[in-house]
Amino acid sequence: MRNLALVFCFSALVSAGIVACGDDSSASAADTLSSESSLTSSSSADDSSGVKSSSSVKASSDSKSSSSHAESSSSEKTVTSSESAPVSSSSVASEVSSSSVAPASSDNSDPDDGKCTACDSFTAADPELTEKGGKGSVTTYGSITDKETSMGGACNYGQTNIQYYAAIHVNISPGDEKGPWNGGAACGGCVHVKARTPDGWKEVTVRITDRCPDANCGVDLGGAPASDIMGINVGRYSGEWEFVSCEGVEGVWGDSTSIWVKEGASEFWSIIHVRNPKDMVKSITIYGVDTRDVHELEMVVGTENFWTVPQSVLQTDNRYRVVVKYRTGTDDEWKIKGSDLAEPEANLYLYEHRD
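Criteria and cut-off values
- Residue numbers restart at each chain and count upward from 1, following the sequence in its written direction.
- The predicted origin of the model limits local features to residues at a pLDDT of at least 70 and limits the giving and counting of side-chain atom pairs to 80 or more, whereas totals for whole chains, interfaces and linings rest on all residues.
- Side-chain descriptors were evaluated using all non-hydrogen atoms of the structure, hydrogens and water having been removed beforehand.
- At least two DSSP bridges between two strands are needed for those strands to be called paired.
- Elements are defined by DSSP. Helices are runs of H or I of four residues or more, strands are runs of E of two residues or more, and each kind is numbered from the N terminus.
- For each residue, the accessible area found with a 1.4 Å probe, counting protein chains only, is set against the maximum for its type, and the residue is called buried under 20%, exposed over 50%, and partly exposed in between.
- Whether two residues touch is decided by their heavy atoms; if any such pair falls within 4.5 Å, the residues are in contact.
- The term disulfide is used for any two cysteine sulfur atoms that are within 2.5 Å.
- pLDDT is defined as a per-residue confidence score from the predictor, taking values between 0 and 100.

1. Remarks on the sheet that holds strand β15 (residues 347–349)
- Taken in spatial order, the four strands of this open sheet run β12-β9-β8-β15, and their pairing is antiparallel. On the outer flanks of this sheet lie β12 (307–308) and β15, each paired with one strand and no other.

2. Topic: the side chain of R236
- Checked against the element boundaries, R236 lands in the loop between α5 (223–230) and β7 (237–244).
- By relative accessible area, R236 is classed as buried at 18%.
- Sequence-distant contacts of R236, that is, excluding residues within four places in its chain, are made with C119, D120, S121, F122, T123, A124, S137, V138, T139, D214 and N216.

3. Looking at the pairing of β7
- In the sheet, strand β2 (residues 133–140) pairs with β7 via six bridges, with the strands oriented antiparallel. Across the sheet, residue V138 finds its bridge partner in β7, namely Y237.
- In the sheet, strand β4 (residues 190–195) pairs with β7 via six bridges, with the strands oriented antiparallel. Its bridge partner lying in β7, A195 is registered against G239.

4. A word on the state of the cysteines
- Under the counting rule described, the total for this entry stands at four disulfides.
- Between the sulfur atoms of C190 and its disulfide partner C246 the distance amounts to 2.0 Å. Handedness here is read from the sign of the S-S torsion; for C190 and C246, about 110 degrees, the answer is right-handed. In this pair, C190 is assigned in strand β4 and C246 in the loop between β7 and β8 (258–261), connecting sequence segments 56 residues apart.
- In the protein chain, the bonded cysteines, taken in the order they occur along the sequence, pair up as 1-2, 3-4, 5-8, 6-7.

5. Overview of the confidence of the model for the protein chain
- Model confidence for the protein chain is summarised by a mean pLDDT of 77, while 69% of its residues fall at 70 or above.
- Note that residues 1–109 has pLDDT below 50 and, in this model, five contacts with residues that lie over four places away or in other chains.

6. Considerations on α5
- Of all eight residues that make up α5, seven are buried, and the element is covered over most of its length.
- Here α5 has its buried residues at G223, A224, P225, A226, S227, I229 and M230.
- Looking at the buried positions of α5, the neighbouring elements they touch are β2, β3 (165–168), β4, β5 (202–211), β6 (219–221) and β7.
- Looking one or two residues beyond α5, the residue adopting positive phi is G231, at roughly 65 degrees.

7. Points about the pairing of strand β9 (residues 271–275)
- Counting buried residues along β9, five of its five residues qualify, which places the element largely inside the surrounding structure.
- Side-chain alternation along β9 places I271, H273 and R275 on one buried face and I272 and V274 on a second face that is also buried.
- Examined bridge by bridge, β8 and β9 share four bridges and lie antiparallel to one another. Looking across to β9, one finds that I259 is bridged to V274.
- Sheet topology places β9 next to β12; two bridges connect them, and they run antiparallel. From the neighbouring strand, I271 faces β12, where its bridge partner is T308.

Below, the structure written as C-alpha cells:
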C-alpha cells in the first residue's frame, strides 16, 4: 500500500509538470496563431484596400515628417526671432543694478555755487581776460553807507545821478595797458559783475565811469553795488564780469542821452563825448545835410573819452547828422548845426535834436 501511495504521488507530480509545460506551449502556440492571424488579416486588408492602405501609411509617415519639420521650423523661427528682436530698455535696466552704475562726477552733480570763506581777503593777482569780459579781483572805492552817486571819474562825465557805477582795469600785467579801459573806450559801457561770498554768488550790473588805480584791480565798484555784494565786509573779493548793454538796467542812468561839448571849445577847437549812452561808443560820424561831406571822428589821445570835431564843421551853420554807433543796440542820431558843437559845455539832448 505504501508503495502504491508513492507511485500515485509521483504520477501526480509528473502530470502536474506536463500540464504546466503544456500551458506554456499552449500559450506560445496561441500567441503564434494570433500573430499569424493578425498578419493574415493585415495582409488581407492590404490586399483588399490596395493602394489606399499604402497611401495611408505614407500619409501617416509624411504627416509625422511634416509635423517634425514644422516643429523644427518653428524652433528655428523662435531662435531667429529671439536673435533679431530688440532688447527693451526695461529689460536692460533690470539687468544692471543701480549699485553697478558709476555715480555722477562731483563737477556735474555739485556745480560751483560761489560759496567761500574769508571771502573779503582774496589774494591780489593780475586780472584775466575772457571771451566776454574777465575775472579776478572785485574791490570798492565808494562808501557802502552813503552810497553816493558817481562824480564821472576819468570818463569826465562830471556830477551824475548814477548810483551803480564802477572803474575797470587798465592793465593785464602792470603797465601793459592791455586791459579793456583802452584810453577811455570802455566809458559808458556796462558790466555784469558777480563775486563769491559766504552766501554764494552775488551779482550786480554797473556802468563804467572810471579807470582802476590798483595794479591788480579787475572791477572796482562804487558804493551801492559794493554794498549789494559785500555788505559790511569790504575787501578784495574773487569774481568775474561780462560786458552787457546798459539798456533797461536800473541804477545806471543819470539823465537823458546827450552830446556834451567840453569846456574851452570854440570855432577853432572842440571835443565832444556822449553822456548816458546805451553802451560804450564805437564810433561817431558827422554827415552833411546841406552838403555831402562826411567826417569820421577820432578819439582824443591823452584826454580820455573824447572825440575831435573838425574845424570845417565848427565854423558853419550848415545842418549835420551826428550818428553814434554803440558796441550793442541801435544807433542814435542827432540833427544839429555845425556851430552847435563849438559852444563850450553845451549839453545837446537827443530828444531835443531829432526830426
